[in-house]
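# Descriptive analysis of the structure
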Amino acid sequence: MQTLDMADIELREMNETLHAQAENTNQTSWEIVNPKGAHAIACGLDAPIEVTVKGSTGYYCGGMNKQATINIEGSAGPGVAENMMSGTIVIDGDASQYAGATGHGGLLVIKGNASSRCGISMKGIDIVVHGNIGHMSAFMAQTGNLVVCGDAGDALGDSLYEARLFVRGSVKSLGADCIEKEMRPEHLAILADLLERAGADAKPEEFKRYGSARELYTFKIDNAY
Amino acid sequence: MCGIVGLFLKDKTLEPQLGSLLTKMLVTMTDRGPDSAGIAIYSNDSMDKSKIVVQSDTPETDFDGLDSALGQVIGAPVSMKTTSTHAVLSVPHGAIENARAAISQVNPALRIMSRGDTLEIYKEVGLPKDVAARFEIEQMSGSHGIGHTRMATESAVTTMGAHPFNTGDDQCLVHNGSLSNHASLRRKLRREGIHIETENDTEVGAAYLTWQMQNGATLGEALESSLDDLDGFFTFVVGTKDGFGVVRDPIACKPAVMAETDQYVAFGSEYRALVDLPGIEDARVWEPEPATVYFWSHADQPTKEKAA
């Protein structure tokens, strides 16, 4: 276990140390102490390492992550896991607005609640929230899965494309062109896999699926240039 | 961008540390806005007096003999404490309206920062650490306070464009965001006879609350109606004689984090601002909901009013 203490080193030095880890590094386990809400912690990682942040983080923790597993033992500020490509990020506490925004891949697990705009414009990332999510979540979501074990706020899935949204609790309101859809066996299988990987003890059968009605002007071929 | 902080003390033993805790919180928020900074401190040090804080760009000449000149005009004793560009004028309770009117008579160049029984506002162009040092904020004690560091968008970087804005007696407002209907609202409020000094959007927000309250609304009601009448982005923190309130617009893209322990309720634009508070590790930390008015008061039980 390597320890990086943010009371002793600058953010840039810490991130450069993590960036220097190669595909076949022997130093696979890292711990970051004294994060104190700093911005951009463990951003841009690209190695199969495990990083544990001992405390709460500020803006953009784990942004652009590839391969790495990042555990946040606290809550995360805005834009956690933004544009994640692969790997796993697990947050013990809550996540602020636009968690997992534009993410292309990997798994983001939020054990508390997520704020507004969770999964906005997601492009393939899987997001599992153990608690609730705020308004305008999955706005213009393109692909990937958003699983919510609690409730969803206003305007869920507004203007979404092919992303799948699974909500166990209530949905305050659906956004434009977002509708409830039938839950087929292949969806239950996707859900079962995600819930297991996210350590959530909910049953797939308890969820409803939401998706795009494909009625907005963007889906009409006559509007193509 | 802008950074906001607020601290409401439940535990009286922390009161001597209010200025230093608030200064530390605000300095941490410096990179959210380097243009100007301001702090509002509420302290109960003069029960039978009211306070007007004035600012001058030439304090050596303007503050010389200001207390006696003002005292002559209002026919009551006035005491004065000067710090850098600001002077705190203490007048007998009840003489505050007279004194406020008389200040522009005595010296029209003076700018009024705040008025009230317990409120003092200190604000200037510059970084939080410099503004706080200039007014020796760290030495101040009090029951609650709010602070702001500004990244200017809607109007010029001046002392009068700095936050907090004083609304009514003992009331003030800080804002992160931008109001897009401030020009039309300013015209409307001016027609209603409300005095608005600058081209700043937040001052219009503050004047709007004043106007609502002049028409009988409580601060809570004024904040709730602001959700309908103000167009734009805002996270507001308001200070009152007894406590402070928080409201965010329904879109809520301007950040806000709150923490509560047995000793205090704290507000920060980011969690970073709260990390040095005592006992933060065990505090309840959460984000205030959009379009929801929150209040903490020394006078009443804490309330959370859900807006329509």
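Source: prediction; values computed, not measured. (Residues numbered from 1 in each chain as written. Chains lettered and ligands numbered in written order. Predicted model: local features only at pLDDT ≥ 70, side-chain atom pairs only at ≥ 80, totals over all residues. Heavy atoms only, no water.)

Scanning chain A for helices and strands turns up two helices and 11 strands. Helices and strands in chain A line up, N terminus first, as β-α-β-β-β-β-β-β-β-β-β-α-β. Computed over C-alpha atoms, the radius of gyration of chain A comes to 18 Å, within 12% of the 17 Å expected from 2.2 N^0.38 for 225 residues, which places it in the range of a compact globule. For the C-alpha atoms alone, the extent of chain A along its principal axes is close to 55 × 45 × 30 Å. Counting only residues that meet the buried cut, chain A has 53% of its 225 residues in that class. Residue pairs at least 24 apart in sequence account for 25% of intrachain contacts in chain A once pairs closer than 6 positions are excluded. (Helix = DSSP H or I, 4+ residues; strand = E, 2+ residues; numbered from the N terminus. Rg over C-alpha atoms; globule rule 2.2 N^0.38 Å. Buried < 20%, exposed > 50% of the residue type's maximum accessible area, 1.4 Å probe, protein only. Contact = heavy atoms within 4.5 Å.)

Another aspect to go through is the domain arrangement of chain B. All names here are of chain B. Taken domain by domain, chain B holds domain 1 (3–44 + 126–306) and domain 2 (46–117). Put simply, the middle of domain 1 and the middle of domain 2, counted by C-alpha atoms, are 24 Å apart. Summed over both partners, the interface of domain 1 with domain 2 comes to about 1,200 Å²; 47% of that surface belongs to carbon and sulfur atoms. Sorting the residues of domain 1 by area buried against domain 2 places Phe 135, Asn 166 and Asp 169 first, and these three jointly supply 36% of that buried surface. Counting across the interface, domain 1 meets domain 2 through two salt bridges. (Domains from an automatic or database assignment. Buried area = accessible area lost by both parts, 1.4 Å probe. Salt bridge = Lys/Arg side-chain N within 4 Å of Asp/Glu carboxyl O.)

Before going further, it helps to spend a moment on the packing of aromatic side chains. Evaluation of the coordinates by the stated rule reveals 10 aromatic pairs over all chains. Relative to Tyr 98 of chain A, the ring of Tyr 60 of chain A has its centre 6.4 Å away and its plane inclined at 35 degrees; by these criteria the two rings are tilted. With Tyr 60 of chain A in the loop between β3 (50–54) and β4 (69–72) and Tyr 98 of chain A in the loop between β5 (88–91) and β6 (107–110), the pair connects residues that are 38 residues apart, well separated along the chain. Tyr 98 of chain A gets classed as buried once you look at its relative accessible area, which sits at 17%. For the pair Phe 8 of chain B and Phe 244 of chain B, a centre-to-centre distance of 6.1 Å together with 15 degrees between the ring planes defines the contact as stacked. Of this pair, Phe 8 of chain B sits in strand β1 (residues 3–9) while Phe 244 of chain B sits in strand β12 (residues 243–248), placing them 236 residues apart in sequence. Phe 244 of chain B carries the same exposure label as Phe 8 of chain B, and that label is buried. Linked through ring pairs, Phe 8, Phe 244, Trp 286, Tyr 294 and Trp 296 of chain B together constitute an aromatic cluster. The ring centre of Phe 165 of chain B lies 4.5 Å from the NZ or CZ of Lys 123 of chain B, which sits over that ring. Against the face of Trp 286 of chain B rests Arg 284 of chain B, its NZ or CZ located 4.0 Å from the ring centre. (Phe/Tyr/Trp six-rings, centres within 6.5 Å; stacked < 30°, edge-to-face > 60°. Lys NZ or Arg CZ within 6 Å of the ring centre and 35° of its normal.)

This part is about the packing of helix α7 (residues 201–214) of chain B against helix α8 (residues 219–229) of chain B. Residues and elements named next belong to chain B. Contact geometry for α7 and α8: axes closest at 9 Å, N-to-C directions at 125 degrees. When the interaxial angle is binned, α7 and α8 end up oblique. Read as a crossing pair, α7 and α8 show a hand that is right-handed. Listed contacts from α8 to Tyr 208, Leu 209, Gln 212 and Met 213 of α7 are Leu 219, Ala 222, Leu 223, Ser 225, Ser 226 and Asp 229. (Axes fitted to C-alpha atoms, helices over the stretch in contact; angles between N-to-C directions. Parallel < 35°, antiparallel > 145°, perpendicular 65-115°, else oblique. Left-handed = near helix turned anticlockwise from the far one by under 90°.)

Following His 163 of chain B, the chain continues into Pro 164 of chain B via a peptide bond in cis, with omega recorded as -5 degrees. The topology assignment puts Pro 164 of chain B in the loop between β8 (144–150) and β9 (165–166). The phi dihedral of Met 64 of chain A falls on the positive side, at around 60 degrees, and the residue is not glycine. You can see Met 64 of chain A is positioned in the loop between β3 and β4. The phi dihedral of Asp 177 of chain A is positive, around 70 degrees, even though this residue is not glycine. Along the chain, Asp 177 of chain A turns up in the loop between β9 (164–167) and β10 (178–181). When its relative accessible area of 12% is taken as the criterion, Asp 177 of chain A is described as buried.

Topologically, Ser 115 of chain A is positioned in the loop between β6 and β7 (123–129). Looking at Ser 115 of chain A, the relative accessible area reads 15%, which means it is buried. Of the polar contacts made by the side chain of Ser 115 of chain A, one reaches the side chain of Glu 287 of chain B; its length is 2.7 Å. Not counting chain neighbours up to four residues away, the residues in contact with Ser 115 of chain A comprise Ala 95, Ser 96, Gln 97, Ile 133, Gly 134 and Ser 137 of chain A together with Glu 287 of chain B. (Polar contact = N/O pair within 3.5 Å; in protein donor to acceptor, adjacent residues only side chain to side chain.)

On to the interface of chain B and chain A. A common way to express how large an interface is: the accessible area buried when the components associate. Taken together, the contact pairs 14 residues of chain B with 13 residues of chain A. Between chain B and chain A lies a buried interface of about 980 Å² when both sides are counted; carbon and sulfur atoms form 45% of it. On the chain B side of the interface with chain A, the three residues burying the most area are Tyr 271, Arg 272 and Glu 287 of chain B, jointly 39% of the side's total. Between Asp 276 of chain B and Lys 36 of chain A there is a salt bridge, with its nearest N and O atoms 3.7 Å apart. Linking chain B with chain A are nine residue pairs in polar contact (both at pLDDT 80 or more), by the criterion used here. The residue makeup of the side of chain B that touches chain A, split by class, is nine nonpolar, no polar and five charged. (Nonpolar A, V, L, I, M, F, W, Y, C, P; charged D, E, K, R; others polar.)

Time to look at the packing of helix α6 (residues 182–191) of chain B against α7 of chain B. Residues and elements named next belong to chain B. Axis separation between α6 and α7 bottoms out at 10 Å; the angle between their running directions is 40 degrees. Comparing the axis directions of α6 and α7 gives the class oblique. You can see that α6 and α7 cross each other, and the crossing is left-handed. In contact with His 182, Leu 185, Arg 186, Lys 188 and Leu 189 of α6, α7 contributes Asp 201, Val 204, Ala 207, Tyr 208 and Trp 211.

Residue and element names in this part refer to chain B. In total, this model carries 23 salt bridges over all chains according to the counting rule given. The salt bridge involving Arg 32 is made with Glu 270; its shortest N-O contact spans 2.8 Å. Placement of the pair is Arg 32 in the loop between α1 (18–28) and β2 (36–42) and Glu 270 in the loop between β14 (264–268) and β15 (284–286), with a sequence separation of 238 residues. In this structure, Arg 32 and Glu 270 share a single accessibility class: buried. For Glu 270, the salt bridge identified is with Arg 272, shortest N-O distance 2.8 Å. No difference in accessibility class separates Glu 270 from Arg 272, as the two residues are buried.

Residue and element names in this part refer to chain B. Its location among the elements puts Met 29 in the loop between α1 and β2. Overall, Met 29 belongs to the buried group, its relative accessible area being 0%. Spatially, the C-alpha atom of Met 29 lies 25 Å from that of Asp 170, the residues being 141 residues apart in sequence. Look past the residues within four positions of Met 29 in its chain and what remains in contact with it is Gly 3, Val 5, Thr 149, Ser 269, Glu 270, Arg 272 and Ala 273.

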